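Fold and contact review
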Amino acid sequence: MSFDKWFNSQDRLVQVILLVVPFVGWIVECLVRLSVALRTKSIIHIVVLLLFLFVGWTWILCVIDLVYLILKGNLILGK
């Protein structure tokens, strides 16, 4: 699964739009997290995936990730 590589290869504006749209942003976040967790098999990435599955829908984590994406160009622990 290489959804994270696809997401990171998109233009920054497309990434921001995908994260800002309600519910779509949460699904994109979860798919990126799942892709990274399956590729790296790191316990940290698995914990972050579970965190976004259960509390990512509250928008707090999505807003933090959106700001980080705008500043740094990728999601927190999303590489």
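Preceding this paragraph is the structure being described.
So, a few notes on the structure that sits alongside this text. (Residues numbered from 1 in each chain as written. Predicted model: local features only at pLDDT ≥ 70, side-chain atom pairs only at ≥ 80, totals over all residues. Heavy atoms only, no water.)

Here's the deal with helix 2 (residues 12–20)
Convention followed: Only protein chains enter the area calculation, which uses a 1.4 Å probe; residues under 20% of their type maximum are buried, those over 50% are exposed, and those in between are partly exposed. Secondary structure elements are defined from DSSP: runs of H or I of at least 4 residues count as helices, runs of E of at least 2 residues count as strands, and each element is numbered from the N terminus. Along the arc lie the directions from the helix axis toward the C-beta atoms. Whether two residues touch is decided by their heavy atoms; if any such pair falls within 4.5 Å, the residues are in contact.
Among the residues making up helix 2, those that are buried are Gln 15, Val 16, Leu 18 and Leu 19. One side of helix 2 carries all its buried residues, which in axial view fall inside an arc of 160°. The secondary structure elements touched by the buried residues of helix 2 are helix 1 (3–9), helix 3 (24–40) and helix 5 (60–72).

Focus on the pattern of salt bridges
Our working definition: Each reported salt bridge corresponds to a side-chain nitrogen of Lys or Arg within 4 Å of a carboxyl oxygen of Asp or Glu.
Scanning the model with the defined rule gives three salt bridges in all. Glu 29 is paired through a salt bridge with Arg 33; the nearest N and O atoms lie 3.5 Å apart. A residue pair is termed a helical-turn pair when its members lie 3 or 4 positions apart in one helix, as Glu 29 and Arg 33 do in helix 3 at four residues. According to the relative accessible area criterion, Arg 33 is buried, its value standing at 3%. Taken together, the shared-partner salt bridges in this structure form one network comprising Glu 29, Arg 33 and Asp 65.

Some thoughts on the packing of aromatic side chains
As a reminder, the rule being used: To pair, rings of Phe, Tyr and Trp, with the six-membered ring standing in for Trp, must have centres within 6.5 Å; the planes then decide the type, stacked if under 30 degrees apart, edge-to-face if over 60, and tilted in the middle.
In total, this model carries two aromatic pairs according to the counting rule given. Consider the rings of Phe 3 and Trp 6, whose centres lie 5.3 Å apart with planes at 35°: the pair is tilted. Taken together, the residues span about one helical turn, with Phe 3 and Trp 6 both in helix 1 at a distance of three residues. With centroids separated by 5.9 Å and ring planes inclined at 35°, the aromatic side chains of Phe 23 and Trp 26 adopt a geometry described as tilted. Overall, Phe 23 belongs to the exposed group, its relative accessible area being 55%. Take Trp 26: its relative accessible area is 21%, and that puts it in the partly exposed class.

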